[in-house]
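Structural overview for review
The lines below spell out each chain.
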Amino acid sequence: YVWPSPQLDALEALRWDQDRNGITGLVQPCDFFIFGPANSGRSNAADWIRTAYHDMATHNSTDGTGGMDASIRFTEEQARPEDIGDGFSNSVAVLQAVSTRYISIADTLAVGLILAVENCGGPEIAFRGGRVDAVEPNIPGVPEPQQDLDSHIASFSRQGFTQTEMIGLVACGHTMGGVQHDPFPDIVPELNDPNSTESVVHFDSTHVNFDNNIAIEYIAGTTKNPLVVGFNDTTNSDKRIFGSDGNATMQSFANSPDLFASTCADLLGRMVDTVPAGVQLTDVITPLPVKPAKLQLLFVGDTNTIQFSGEVRLWDLAEGANPIDSVVTVSGGRHTATWYIFDHIATPALAALDAAAGITSIHYTVDNKLEDQDGVGFAVADDVMFSTSSCFTSDTGSEATGIFHIAVRAGVDPTRVYLEQPTRDSVGRPTTSEIGLTPPTQPDSNATYVIWSIQMPLVFTAFTVGAEIDGVKVTRGVLTSMIEFDQCPT
Ligand code: HEM
């Protein structure tokens, strides 16, 4: 896609910004578990994979209801016997935190699975965005270990998967993690094991690696999978499922790590793309080679100039490439991303761009190569922006106030200008609240920019700039709070 596109830019960043996206670090190392000690036997990675499956497993491919829609976040679903355990609330707590108005909670659950698999040795899974968060719980339908094989075949068929695909999905899921004593005391005993303080019996001997040992150990007869060799045969669902085609599928996985990886990439990709009817997912999101981010324009009225700052991310920079001013290099998974920060301090020329001339687009030169999206350039909007005349008073207590000034380019004529604040609706979905600004009473007809304003008590909340122009709502700049500006002149 051509940058900028607010939704695709945000989805691309969540999927590809590596350790900078706020969540990749939670599955590095793969045995990391933030809700308990390192020797708990549990991992965020396994919880994230199971959470995505339980969110999807309510899907009914006949009537189009259920699927990846983050209905698993509702306590009513988490209270069901089919969703026993705290792995769902744990996963939702950390993943939904990175949802925004452009990224649904369901999208974060899908990315969570993808990052967990990829960072723990598994294949890269294609990611599409655009899932829509449910407003209420779905109809129950997650398979449980005590059910018989026919019920499981029927359940996966309802979800949209054949019997062979069921074997694959269960093997791909159960290469990570295990069964805990606490929620499943009839499957796993209390272990009293200092290396598994939450008494987890793992599905294979490499439970934090996404690999085909789940199949190798099953075929070799050395498996300790508690859903295969558990003392209670009624709950040995993996045994019934894995053996349901005479072990043909599991044998093929045991023979070939590559086949296991490619089958899992396909099945898990289809799993996270299983969405309620009517939801339109984006195309597969691949990383942009050169991507601007966090662009901020500030109008400086005294000098009639614009201060410009931002970042650019270079993807998988070639070995040996050594551009100047390297600021942060971040890796994660199998990729490296390098960010260069440009601002008025590092590059004084950006401190005072001629406001009358304005700015329409930028391009970069990377290793002597022009990067401008094949001649299109990276478009930059100079229509509305914060003005550096925004300020706050130093008074303490209830007297403290501040003023936001938003500069609107002459001739733009928005119907509304407002501050945008990220917030949540009554069912937890990310949304935006708006605080309207007042237009100038006597605008200077010669000015390049006119100032809309709002006075309010001193707040530390960060806002972006919003405006409605020709019936279209636009967002500009990065989240900025009052105290980032100077104190008001007294
Ligand atoms: C018939 C189908 C399935 C049954 C009956 C089943 C059952 C179970 C049970 C009983 C546990 C233990 C949970 C705990 O102790 O908290 C578990 C864990 C897990 N399941 Fe499944 N499962 C099924 C299919 C799947 C699928 C299709 C996936 C993903 C593609 C999956 C992924 C996982 C993961 C990653 C864990 C480990 C969780 C952790 O260690 O925190 N399961 N499963």
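Definitions and cut-offs
- Residues numbered from 1 in each chain as written.
- Predicted model: local features only at pLDDT ≥ 70, side-chain atom pairs only at ≥ 80, totals over all residues.
- Heavy atoms only, no water.
- Disulfide = S-S within 2.5 Å.
- Helix = DSSP H or I, 4+ residues; strand = E, 2+ residues; numbered from the N terminus.
- Buried < 20%, exposed > 50% of the residue type's maximum accessible area, 1.4 Å probe, protein only.
- Donors = N, O, S within 2.8 Å, 3.2 Å for Na, K, Ca; no water.
- Phe/Tyr/Trp six-rings, centres within 6.5 Å; stacked < 30°, edge-to-face > 60°.
- Lys NZ or Arg CZ within 6 Å of the ring centre and 35° of its normal.
- Near = heavy atom within 4 Å.
- Polar contact = N/O pair within 3.5 Å; in protein donor to acceptor, adjacent residues only side chain to side chain.
- pLDDT = per-residue confidence, 0-100.
- Contact = heavy atoms within 4.5 Å.
- Pairing = 2+ DSSP bridges.
- Axes fitted to C-alpha atoms, helices over the stretch in contact; angles between N-to-C directions.
- Parallel < 35°, antiparallel > 145°, perpendicular 65-115°, else oblique.
- Left-handed = near helix turned anticlockwise from the far one by under 90°.
- Salt bridge = Lys/Arg side-chain N within 4 Å of Asp/Glu carboxyl O.
- Nonpolar A, V, L, I, M, F, W, Y, C, P; charged D, E, K, R; others polar.

Examining the state of the cysteines
- Applying the stated criterion across every chain yields a total of 3 disulfides.
- Sulfur-sulfur distance for the disulfide between cysteine 172 and cysteine 264 comes to 2.1 Å. Measuring handedness by torsion sign, the sulfur bridge of cysteine 172 and cysteine 264 sits at about -90° and is left-handed. Taken as a pair, cysteine 172 in helix H7 (residues 163–173) and cysteine 264 in helix H11 (residues 257–272) lie far apart in primary sequence, 92 residues in all. You'll find cysteine 172 and cysteine 264 in the same group, each marked buried.

Brief notes about the coordination of the iron atom of the ligand
- Inspection of the coordination sphere of the iron atom of the ligand shows a single protein donor, His174 (NE2), at 2.1 Å.
- Mapped onto the elements of the fold, histidine 174 is located in the loop between H7 and strand E1 (178–180).

Quick look at the packing of aromatic side chains
- Within this structure, the stated rule accounts for 14 aromatic pairs.
- With a centroid separation of 4.8 Å and 40° between ring planes, the pair formed by phenylalanine 299 and tyrosine 449 is classed as tilted. Of this pair, phenylalanine 299 sits in strand E3 (residues 290–300) while tyrosine 449 sits in strand E17 (residues 449–457); the two residues are 150 residues apart in sequence, bridging distant segments of the chain. Residues phenylalanine 299 and tyrosine 449 agree in their burial class; the two are buried.
- Taken together, the ring pairs in this structure connect Trp3, Phe308, Phe342, Tyr364 and Phe378 into an aromatic cluster.
- Directly above the aromatic system of tryptophan 16 lies the positively charged group of arginine 15, at a separation of 3.8 Å from the ring centroid.
- Here the guanidinium or amino end of arginine 20 rests over the ring plane of tryptophan 339, the centre of that ring lying 4.5 Å away.

Things to note about the site of the ligand
- Near the ligand there are 26 residues, and of these Asp47, His174, Gly177, Gly178 and Gln180 occur at the shortest range.
- At a separation of 2.7 Å, an oxygen atom of the ligand approaches a polar side-chain atom of aspartate 47.
- Between the ligand and histidine 174 there is a distance of 2.9 Å, counted from a nitrogen atom to a side-chain nitrogen or oxygen.
- Counting residues per element, the ones that place at least two in the shell around the ligand are helix H2 (44–56), helix H6 (149–159), H7, E1, helix H9 (237–242) and H11.

A look at the confidence of the model for the protein chain
- The pLDDT averaged across the protein chain works out to 94; a share of 97% of its residues lies at or above 70.
- The low-confidence segment residues 323–327 (pLDDT under 50) makes 9 contacts with residues lying over four places distant or belonging to another chain.

Considering the sheet that holds strand E19 (residues 472–481)
- As summarised here, the arrangement of the 4 strands in space is E16-E15-E18-E19, forming an open sheet in which the pairing is antiparallel. Edge positions in the sheet fall to strand E16 (430–436) and E19, since each of these pairs with one other strand and no more. On average, each strand axis in the sheet is tilted by 35° relative to the strand beside it, whichever way the strands run.
- Bridge count for strand E15 (residues 416–424) against strand E18 (residues 462–469) is 5 bridges, and the pairing is antiparallel. Residue glutamate 420 lies in a different strand from E18, and its bridge partner there is threonine 464.

Notes on the packing of helix H1 (residues 6–16) against helix H5 (residues 105–119)
- Following both chains from N to C, one finds H1 and H5 inclined at 30°, their axes separated by 9 Å at the closest point. Between H1 and H5, the crossing angle belongs to the class labelled roughly parallel. You can see that H1 and H5 cross each other, and the crossing is right-handed. Residues Leu11, Leu14 and Arg15 of H1 form the contact with H5, whose participating residues are Asp107, Thr108, Val111, Ile114, Leu115 and Glu118.

Brief notes about the pattern of salt bridges
- Under the criterion given, the structure shown has 22 salt bridges.
- As a salt-bridge pair, arginine 101 and glutamate 420 come within 2.9 Å of each other at their nearest N and O atoms. Residue arginine 101 is located in the loop between helix H4 (87–95) and H5, and its partner glutamate 420 is located in strand E15; the two are separated by 319 residues in the primary sequence.
- Under the relative-accessibility criterion, arginine 101 is labelled partly exposed at 35%.
- For glutamate 420, a relative accessible area of 3% puts it in the buried group.
- Taken together, the shared-partner salt bridges in this structure form one network comprising Glu12, Asp17, Lys291 and Arg313.

Looking at the packing of H7 against helix H10 (residues 248–255)
- Relative to each other, H7 and H10 sit at 45°, their axes nearing to 9 Å. The angle between H7 and H10 falls in the class oblique. Between H7 and H10 the crossing geometry is right-handed. Residues Thr164, Ile167, Gly168 and Ala171 of H7 lie in contact with H10, whose contacting residues are Thr249, Met250 and Phe253.
- Residues that form the contact of H7 with H10 fall into these classes: 4 nonpolar, 3 polar and no charged.

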